[in-house]
Every structure is written in C-alpha cells, then in structure tokens.
Amino acid sequence: MNFGLSILSLARFQFAMTTVFHFFFVPLSIGLALIVAIMETIYVVKKDQLYKHMAQFWGRIFLLSFAVGVVTGIIQEFQFGMNWSDYSRFMGDIFGAPLAIEALVAFFMESTFIGLWMFGWDRFSAGIHCAFIWLTSIGTMISAMWILAANSFMQNPVGFMINAKTGRAQMTSFGAVVKNPQLWYELPHVLFGAFVTGAFVVAGMSAFALLKKRNIDFFRKSVKVSLIVGLVATIGVVGMGDLQTRYIIKEQPMKFAATEGLYEDSGSPAAWSIIESQNTKKHKSNWSIDVPYVLDILSYHKLSGNVKGQNTLNKELHAKYDKKFGKDMNYYVPAKTLFWSFRVMAISGGLFALIAIIGLFFNRAGTDLIMRQRWFLWVLAICTFLPFAANTAGWFITELGRYPWVVYGLLTIADAVSPNVSVASLLTSNIVYFCLFSGLGIVMIVLSRRALRQGPDDLLKAADDAPYDPYGKGAFSHE
C-alpha cells in the first residue's frame, strides 16, 4: 500500500525537508563567524578584555551551529544520490566540479582554521589568533560561493553542451560557470541574509539575557555590535534583492509574475498587490488590495511599464518547449507559496532595519533607555527566530520558482528522480530523516539555551592569562 503517495512527491518532500533544515544552520554559521571575528578584532584593537569574552561566548553558539550544519549537509548530499540519480547522471560533470572545490578548498580551510581558533587562545598572539577566525569566516563565504555556483547553473545553465551520445550535460567553460550572472546576484543576497541571521540571533539572545538583567554591560555591547552588523546587512539584502529581482524579470519571468500574483498582464502603470486571493486551478485572481505604480517602481524603477502575467508566460513557454517536453507540461509555478513568501521576505527586511535603528537608539552610550523598554527587548528577543522564516521564504522562491525544471529548460523534476527507489524506501527515509533532524534541532536549542542561561560568568571570572577551552566542563552546563 502506498496510501496515495508517489515517488516523485516523497522525493520532492525529502529534498525540501533536508534543504530547509540544513539552511537553518548555514546562514547562522556564516553570520556568527563574521560577528565573532568583528568582536575579536575590537578586542585586538582596543585591548578590552570584554570583547575577547564576547568572542569566546558567541563562539560557542557558532561552534554548535557549525557542527549541526556539517551533519545536515552530509544528509542532504546523501539524499541526492539516493533519490535523484538521474539528475546526478545528467549534470554530474558540472555539478561535481564546484562541489569538489568546495570540499577540498573551502571546507578544509574552515575546518583547519576553526580548529586553530578553538584551541589556540593561549598559544598564539592576539593578532594571529584573530586572523584564524577571519580565515574561518572567509572560508564559510567561499564555501557558500561554490555551492551557489552549482545552484546557479540549475537556475541559468551556462558554459555547457549536451553530449549527443549520452544525453548528459558536459562543461565546456568552467569560467562561464563561475561568471554566471545568476551566481553574482544570488551570492551577495545570500551572504547579506546570513549576516542578518547571525546579527539578530546574537541581538535576540542578548535581549533574553537583558530581560533577566544579567551581565548587562556584556549583553548591551553584544546588542550594539550585532545591530550595527544587522543594519548594514539589511541594507545590503534589500539592495541586492532589488538587483536580483530585476534580473529575474528577464531570465525567469514566470517566477517573478508568481511572486507578484499576476495572472494577466499588468498593463501600464502596474499596481502592486499587498494581499490577494488566488484561484490557482482557474489561474486567476479573485480579489486583491493594490497600490498604484508600485510594481513599476519595483520592476523598472520608473512609473510606467508592463509586466507579463503567468497566463501569457505559460503560452510562451509552451510555444518554446512543446517540441522537446510535450504539450502536457504544466509551466505554472506554486503561485500562492511564492506570493506570500515574497511578502514574508519584504516585511522581514523592513522590520529588521526598523528594529536595528530603534535598538541602536535605545542602546546608545550614556543612557539605560534600553533596559527601561521591556516591550522592545521582547520584540528583539522574538526576532531571534524571524531570520529563519525569511531565509526559508527566500529559498522557497528560488527553488519552487524553477518549477517544472530541476535544471532550467533542460531537465524536468519528474525526469530527475531515481528510477529504482520505492514509495516504502522513501517513506522510511523521510521518517528517519525527520526524526534525526528533530533530534539535532532539539540538541541545538537545548545547548544554546543552556549556554545563554549560564552566561559569560565563567569567562568573566577567569584570569586573563588562563588557558581557554571551548569544550571545557562549564561551556554548556550550569556548573
């Protein structure tokens, strides 16, 4: 019995589950590495021991996220070979190159310098030790670049040919793959989003501590550093998001139309829908609340211009691909998911900027205003979790907006799934992965909460010249 489940639906669910869960920790690791590096740099410049303790304390959370990210990444790669073997055969020659470089260069760079940083506090000078965390941070960014190089090919295939004998994609220009325009719009957007994630996790966890009035100076300075990073990164996210959107309008117009809830051409001037009720079966909008001209401003940075709707684009895609993929293809993407995911991202970006500005004002030197604004501390604490929702929404748009292709215009999702897997094996592996991910998530939350409740007391009480062991007895305990 398969209970109405299909191999394709289960394989897609497993890919979504592993990707989303893995991407909880990837941006967190990238963002925390940068913030810890900034804190340690301030210590090296100012010789203020408090910033050294800040780097050590938040480094504990970074190490946890890095460890869990490695485990979830291994699982994600494993399910590629298990569930998507036809995809692997089709573009393994291209997909393998950036992943191999990521493992051999970036991951080894991260692993080497994170080890030196963890155990080298009392063995190297302050400047050299600070260089270790910067090299670790740079390694996380390089790792993201190579992963996104592979993903960008799936969004915009370049530098390849199709082998007539094998039917497989073969790389003809490694330089073209690296210079893929999709990569250089996507990468900065992802990195800035990661910096926002790390910043608001530090700020939010610090807010929890400030609500209990513990280690006030320590956590107020943590809030200051993190919100400065968060504000700058939010501006970067919005700016790169705008550039990426304008690129998508040309290269993946169906994705863009879905994020804006457009089924019919907008006409000029084009209004932007704040909220909308859609009938995805009949491919039409039931009703919407619109703001005039805003879609033109978002799309073309002017007050005029027509945006094609999904119905028009569906006809164009059928005309372009029917000869290769047949007339029965459905080129409509999951419009409701993309529409609301875009609004989650947009609203989150505005909230991040507003909260960072208010937080820096309340937390400015010479005043204890932030300690008297408990409502704001609660808002900031809740924002610990908001970046994960925004990141997930972004990946929904990126991946679901490519439907029905796994490699845009070349290989469909249905043709990429492994031919030999069964409903039973996929259902079993989904259950196992879900339980494993849930366990890892619980461990991460419990240990992070325990570290926060313990606070930096063990660091603040230690002698300045005492050896520091990040895995010492008190690192994640109440003792």
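- For the protein, an unreviewed UniProt entry supplies the name Cytochrome D ubiquinol oxidase subunit I [Lactobacillus plantarum] and the organism Lactiplantibacillus mudanjiangensis.
- Per UniProt, the protein carries the Sequence similarities (unreviewed entry) text "Belongs to the cytochrome ubiquinol oxidase subunit 1 family."

So, the pairing of strand β4 (residues 284-291)
Here is step 1: Relative to β4, strand β3 (residues 272-279) is paired through seven bridges, and the arrangement is antiparallel. Bridging across to β4, Gln278 finds its partner in Ser285.
Here is step 2: Joining the antiparallel neighbours β3 and β4 is a turn of four residues, in which His283 adopts a positive phi near 55°.

Points about unusual backbone geometry
Here is step 1: Residue Pro269 is bonded to the preceding Ser268 through a cis peptide linkage, with omega at 5°.
Here is step 2: Position of Pro269 relative to the elements: it lies in the loop between α8 (253-259) and β3.
Here is step 3: Residue Lys47 is not a glycine yet carries a positive backbone phi of 60°.
Here is step 4: Here His283, not a glycine, exhibits a phi torsion of approximately 55°, which is positive.

A few points about the packing of aromatic side chains
Here is step 1: The full count for this structure, using the stated rule, is 34 aromatic pairs.
Here is step 2: For the ring pair Trp58 and Phe219, a centre distance of 6.3 Å and an interplane angle of 80° mean the geometry is edge-to-face. One end of the pair, Trp58, is in helix α2 (residues 49-83); the other, Phe219, is in helix α7 (residues 216-251), with 161 residues separating them in the sequence. Grouping residues by exposure puts Trp58 and Phe219 together as buried.
Here is step 3: Taken together, the ring pairs connect Phe21, Phe24, Phe25, Phe388, Tyr433 and Phe437 into an aromatic cluster.

Definitions and limits used
Each chain carries its own residue numbering, running from 1 in the direction its sequence is written. Side-chain atom pairs in this predicted model are given and counted only at pLDDT of 80 or more, local residue features only at pLDDT of at least 70, and totals for whole chains, interfaces and linings cover all residues. Hydrogens are left out, water is left out, and the side-chain values use all remaining heavy atoms of the structure. UniProt positions are given in the numbering used here, feature names are shortened, and annotations may be inferred rather than shown by experiment. Two strands qualify as a pair provided DSSP detects at least 2 bridges between them. Only DSSP runs of H or I covering at least 4 residues are called helices, and only runs of E covering at least 2 are called strands; the numbering of each starts at the N terminus. Aromatic pairs are defined between Phe, Tyr and Trp rings, using the six-membered ring for Trp, whenever the two ring centres lie within 6.5 Å; interplanar angles under 30 degrees are classed as stacked, those over 60 as edge-to-face, and all others as tilted. Per-residue accessibility, obtained with a 1.4 Å probe over protein chains only, is compared with the maximum for each type, and a residue is labelled buried under 20%, exposed over 50%, and partly exposed between these values.

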